[in-house]
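The chain contents come next:
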Amino acid sequence: EGQDVTFEIFAIAADVTFDSELLNTDIKPTQRAAWNSFAATANELLPVEPLKVGVALVPKTGQLKITKVDAETRALLEGTEFELYQLKCIDESNNYIRCEDAQPIATQVTDSDGLTTYKNIPFGYYELIESKSTTGYKLFTSPIRVNIFNEEAQHLTVENEKNTWELPHTGG
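As the structure is a prediction and not an experimental result, all values here were calculated from the model. (Residues numbered from 1 in each chain as written. Predicted model: local features only at pLDDT ≥ 70, side-chain atom pairs only at ≥ 80, totals over all residues. Heavy atoms only, no water.)

(A) Here's a closer look at the overall build of the protein. From N to C terminus, the protein includes one helix and 13 strands. Written out in order from the N terminus, the α and β elements of the protein read α-β-β-β-β-β-β-β-β-β-β-β-β-β. Among the 172 residues that make up the protein, the fraction classed as buried is 22%. Pairs at least 24 residues apart make up 61% of the contacts formed inside the protein by residues separated by at least 6 positions. Of the roughly 12900 Å² that the protein leaves accessible, carbon and sulfur atoms contribute 50%. (Helix = DSSP H or I, 4+ residues; strand = E, 2+ residues; numbered from the N terminus. Buried < 20%, exposed > 50% of the residue type's maximum accessible area, 1.4 Å probe, protein only. Contact = heavy atoms within 4.5 Å. Areas by Shrake-Rupley, 256 points an atom, 1.4 Å probe, with all protein chains shown as cover.)

(B) Just the sheet that holds strand S11 (residues 124-132), in detail. Reading across from one edge, S9-S6-S11-S12 is the order of the four strands in this open sheet, with antiparallel pairing throughout. Each edge of the open sheet is held by one strand with a lone partner, namely strand S9 (106-109) and strand S12 (144-148). Geometrically, the sheet is characterised by an average inter-axis angle of 30 degrees between neighbouring strands, direction not taken into account. (Pairing = 2+ DSSP bridges. Axes fitted to C-alpha atoms, helices over the stretch in contact; angles between N-to-C directions.)

(C) Geometry of the sheet that holds strand S5 (residues 61-70). Sheet architecture is open: three strands sit in the order S10-S5-S13, paired in mixed fashion. The sheet is open, and its two edges are formed by strand S10 (115-122) and strand S13 (154-160), each paired on a single side. On average, each strand axis in the sheet is tilted by 20 degrees relative to the strand beside it, whichever way the strands run. Of the pairings in the sheet, the one linking S5 to S13 comprises seven bridges and is parallel in character. Paired with aspartate 70 across the strands is asparagine 160, a residue of S13.

(D) Spotlight on the environment of isoleucine 148. If you trace the backbone, isoleucine 148 turns up in strand S12. Of the residues examined, isoleucine 148 reaches a relative accessible area of 1% and is grouped as buried. For the pair isoleucine 148 and leucine 64, spaced 84 residues apart in sequence, the C-alpha to C-alpha distance is 8.1 Å. Filtering out sequence-adjacent residues up to four positions away, isoleucine 148 remains in contact with Gly62, Gln63, Ile121, Pro122, Phe123, Gly124, Tyr126 and Gln154.

(E) Focus on the nonpolar core. Counting 13 residues, the largest nonpolar core has Leu64, Ile66, Leu84, Tyr118, Ile121 and Leu128 as its most contacted members. It is S12 that provides the largest number of residues to this core, a total of three residues. Among all residues touching leucine 64, those that are not within four sequence positions of it are Leu84, Thr116, Thr117, Tyr118, Ile121, Val146, Gln154 and Leu156. (Core = buried A, V, L, I, M, F, W, Y, C linked by side-chain atoms within 4.5 Å.)

(F) Structural view of the environment of tyrosine 137. In this structure, tyrosine 137 sits in the loop between S11 and S12. In this structure tyrosine 137 comes out as buried when scored by relative accessible area, which is 12%. Each residue touching tyrosine 137, except ones within four places of it in the same chain, is listed here: Asp70, Leu77, Asn160, Glu161, Lys162 and Asn163. At a separation of 2.7 Å, a polar atom in the side chain of tyrosine 137 contacts the side chain of aspartate 70. (Polar contact = N/O pair within 3.5 Å; in protein donor to acceptor, adjacent residues only side chain to side chain.)

(G) Spotlight on the pattern of salt bridges. For the structure shown, the criterion picks out five salt bridges. The residue lysine 60 makes a salt bridge to glutamate 151 at a minimum N-O spacing of 3.1 Å. Separated by 91 residues along the polypeptide, lysine 60 in the loop between strand S4 (53-55) and S5 and glutamate 151 in the loop between S12 and S13 bring together distant segments of the chain. (Salt bridge = Lys/Arg side-chain N within 4 Å of Asp/Glu carboxyl O.)

(H) The arrangement of the packing of aromatic side chains in detail. Applying the stated criterion across every chain yields a total of three aromatic pairs. Ring centres 4.6 Å apart and planes at 20 degrees place the aromatic pair tyrosine 96 and tyrosine 125 in the stacked group. Taken as a pair, tyrosine 96 in strand S8 (residues 96-97) and tyrosine 125 in strand S11 lie far apart in primary sequence, 29 residues in all. When its relative accessible area of 22% is taken as the criterion, tyrosine 125 is described as partly exposed. A ring pair is formed by tyrosine 125 and phenylalanine 149, whose centres lie 5.0 Å apart and whose planes are at 70 degrees; its orientation type is edge-to-face. Taken together, the residues tyrosine 125 in strand S11 and phenylalanine 149 in the loop between S12 and S13 connect sequence positions 24 residues apart. Through a chain of ring-to-ring contacts, the aromatic side chains of Tyr96, Phe123, Tyr125 and Phe149 assemble into a single cluster. Cation over ring: arginine 98 sits above tyrosine 85, and NZ or CZ is 4.5 Å from the ring centre. (Phe/Tyr/Trp six-rings, centres within 6.5 Å; stacked < 30°, edge-to-face > 60°. Lys NZ or Arg CZ within 6 Å of the ring centre and 35° of its normal.)

Put into structure tokens, the structure is as follows:
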């Protein structure tokens, strides 16, 4: 009694319904823990019964830092909008994919330094989509797959090419 034991288990489970309060870090771990008591054996198989054992889940999160640059000049691009989707569905090859009805978990726009940062991203599989390009640049249409399984920030540089399309002049 009165001893704290901490250990980490890393696992990704299939989507299941659970009480979101278990992951609410604004609530003290002792208040949101799943409590149980059990008998254990030690030394000559004598039972040892703790008062109770609590398991508090602490979600691990990471960060994704994006730098948007001109592919040719490396100039930093402001105003590019990105959407981040969590990949929760599984295809026939057991790969995580974006569900058909998926909504972005966050939308960010690059600042004047061409930067944007997604913070507190739960560990998992993601897709980054450029939803709006910087004025004068082509929209980057390929989704970028990102796996977040590290608490350290991941850095990603996305290059864009200038839009060279010219609209025809009309008139009489």
